[in-house]
Amino acid sequence: MNDQANASKHVLISGGSRGLGQVLVQGMLDAGFTVTTFARKSSEFTDQLKDHPRFAFHIADMADIPSLQQVVKAGVKQFGNYFGLINCAGVAPDGVLPMMPEQKIDQVIDINLTGALKLTRLVLRTMLTSRSEGSIINISSIIGIRGYNGLAAYSASKGGMDAMSRALARELGERGIRVNSVAPGYLRTEMTHTLSEKHLDQIARRTPMGRLGTPEDVLGSVLFFLSDASRFVTGQTLVVDGGITT
Ligand SMILES: NC(=O)c1ccc[n+]([C@@H]2O[C@H](COP(=O)([O-])OP(=O)(O)OC[C@H]3O[C@@H](n4cnc5c(N)ncnc54)[C@H](OP(=O)(O)O)[C@@H]3O)[C@@H](O)[C@H]2O)c1
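Remember, predicted model here, so these are calculated numbers, not experimental data.

Undergrad: Give me the overall build of the protein chain: which residues, what numbers.
TA: A count of helical and extended segments in the protein chain gives nine helices and seven strands. Taken over C-alpha atoms, the radius of gyration comes to 17 Å for the protein chain, in line with the 18 Å a tight globule of 246 residues would show. The buried share of the protein chain, reckoned over its 246 residues, is 50%. For the protein chain, the share of sequence-separated contacts (at least 6 apart) that also reach a separation of at least 24 residues comes to 70%. As displayed, the protein chain has an accessible area near 12300 Å², and 51% of this comes from carbon and sulfur atoms.

Here you go:
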């Protein structure tokens, strides 16, 4: 990775305050990228980085489009046009569908899918004006490919993100903007805190590589899609799951 060349590459990542997003932000800064991120609240991690010259954090909500417009605009003003976008923010409320309140269904689709589509739309408008190459990465999930008990709405949102990657790849290929998904397996983050240790052990035993994933396991795939090593790869979903879906 050429750190010098990456410094001029500005990447916007949603949900970079904790969990997987935090590790991706740190990994991109380490690789020399300039990073703008946002979440509904700041964290110890984003507070620690507040004086970093290649980093900016904003408060915004994936379900509140005016707040996304503000972040996209502020990012361009501070660091210039975007080279990359990583749709990472997400929620995963569980519950069997017949019992799930409609409000919860709306929330997961609004944040994970509609929010990702609308944020991508806003960022693409700036990318297309600058007529430069770029890379969009949707963080989906193996749940969107395989499904999971009690996660129908989440699964639909993640399957939708993969479909969006394929369609946008066709739309943007000629412009030199690549769109791919990274679909992680089960990671130890706040999102999986609700799963019992017994359940997590069971998942680890079913995984050919014998353990749960970590956010650090996902970083390499994201850096790959941001790099020239993937310059002819678009519309793909790269599964990062230790082999559990094989
Ligand atoms: N953990 C896993 O096992 C796993 C597996 C496959 C895929 N994924 C995907 O990976 C991504 C990151 O998950 P994670 O495990 O890191 O989750 P996490 O630890 O719960 O972190 C989620 C991040 O998204 C932000 N976020 C949530 N709702 C938001 C909203 N409405 N607007 C703006 N930001 C919002 C959170 O900040 P605030 O809450 O402060 O807004 C936080 O920064 C998600 O898309 C998830 O679906 C996770």
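Undergrad: Quick rundown of the site of the ligand? Include the residues and the values.
TA: The environment of the ligand is made up of 30 residues, and the closest members are S17, R18, L20, Y154 and T189. One of the backbone nitrogen or oxygen atoms of M62 is found 2.9 Å away from a nitrogen atom of the ligand. Across the complex, the protein chains shield 97% of the 880 Å² of accessible surface that the ligand would expose by itself. Going through the elements one at a time, α2 (19-30), β2 (34-39) and α7 (152-172) are the ones with two or more residues in the shell around the ligand. In the shell around the ligand, the residues fall into 15 nonpolar, nine polar and six charged.

Undergrad: Let's hear about the nonpolar core: which residues, and what values?
TA: With 37 residues, the main nonpolar core has L12, F38, M62, L119, V123 and I136 as its most contacted residues. Residue assignment for this core shows that the elements contributing at least two residues are α4 (65-79), α5 (102-130), α7, β6 (177-184) and α8 (197-206). The element contributing the most residues to this core is α5, with nine residues. Among the nonpolar cores identified, the runner-up in size contains 27 residues, and A31, V182, L187 and V240 belong to it.

Undergrad: Provide a residue-level description of helix α9 (residues 215-226), including the pertinent values.
TA: Relative to the 16 Å expected for 12 residues at 1.5 Å per residue, α9 spans 17 Å between its end C-alpha atoms, a close match to the ideal helical length. On its buried side, α9 packs onto β1 (10-14), α2, β4 (84-87), β5 (134-139), β6 and β7 (237-240).

Undergrad: Can you lay out the sheet that holds β1 for me, pointing to particular residues and giving the numbers?
TA: Spatially, β3-β2-β1-β4-β5-β6-β7 is the arrangement adopted by the seven strands of the open sheet, whose pairing is parallel. The sheet is open, and its two borders are formed by β3 (55-59) and β7, each paired with just one other strand. Recorded for the sheet is a direction-independent mean angle of 15° between the axes of neighbouring strands. Examined bridge by bridge, β1 and β2 share five bridges and lie parallel to one another. Within β2, the position partnered with V11 by the bridge is V35. Together, β1, β2 and β3 form the strand contacts of α4, whose direction differs from that of β2 by roughly 160°.

Undergrad: So what about the packing of aromatic side chains? Which residues, and what values?
TA: As enumerated under the stated definition, the model contains two aromatic pairs in all. Ring geometry for F224 versus F225: centroids 5.2 Å apart, planes at 50°, classification tilted. Accessibility expressed as a relative area gives 30% for F224, which makes it partly exposed. Judged by its relative accessible area of 2%, F225 falls in the buried class. Against the face of F83 rests K9, its NZ or CZ located 4.7 Å from the ring centre.

Undergrad: Please give an account of the pairing of β5 that cites residues and values.
TA: Of all six residues in β5, six are buried, a share of seventy percent or more. Burial along β5 is two-sided: G134, I136 and N138 and S135, I137 and I139, pointing in opposite directions, are all buried. Where β4 and β5 come together, four bridges link them in parallel fashion. For G84, the partnering residue across the bridge sits in β5 and is S135. The handedness of the β4 to β5 crossover, carried by α5, is right-handed. With six bridges joining them, β5 and β6 adopt parallel strand pairing.

Undergrad: Talk me through unusual backbone geometry; I want residue IDs and the actual numbers.
TA: One non-glycine residue, R131, lies in positive phi territory at about 50°. Relative to the elements of secondary structure, R131 occurs in the loop between α5 and β5. R131 sits in the exposed class, given a relative accessible area of 73%.

Undergrad: Before we move on, can you summarise the side chain of T189 with the specific residues and values?
TA: Summarising the element assignment, T189 is placed in the loop between β6 and α8. Residue classification places T189 among the buried positions, given a relative accessible area of 14%. With sequence-adjacent residues up to four places away left out, T189 is seen in contact with G19, L20 and P215.

About the criteria used
- Residues numbered from 1 in each chain as written.
- Predicted model: local features only at pLDDT ≥ 70, side-chain atom pairs only at ≥ 80, totals over all residues.
- Heavy atoms only, no water.
- Helix = DSSP H or I, 4+ residues; strand = E, 2+ residues; numbered from the N terminus.
- Rg over C-alpha atoms; globule rule 2.2 N^0.38 Å.
- Buried < 20%, exposed > 50% of the residue type's maximum accessible area, 1.4 Å probe, protein only.
- Contact = heavy atoms within 4.5 Å.
- Areas by Shrake-Rupley, 256 points an atom, 1.4 Å probe, with all protein chains shown as cover.
- Near = heavy atom within 4 Å.
- Polar contact = N/O pair within 3.5 Å; in protein donor to acceptor, adjacent residues only side chain to side chain.
- Nonpolar A, V, L, I, M, F, W, Y, C, P; charged D, E, K, R; others polar.
- Core = buried A, V, L, I, M, F, W, Y, C linked by side-chain atoms within 4.5 Å.
- Expected span 1.5 Å × (residues − 1).
- Pairing = 2+ DSSP bridges.
- Axes fitted to C-alpha atoms, helices over the stretch in contact; angles between N-to-C directions.
- Phe/Tyr/Trp six-rings, centres within 6.5 Å; stacked < 30°, edge-to-face > 60°.
- Lys NZ or Arg CZ within 6 Å of the ring centre and 35° of its normal.
- Right-handed = clockwise from strand over helix to strand, strands pointing away.

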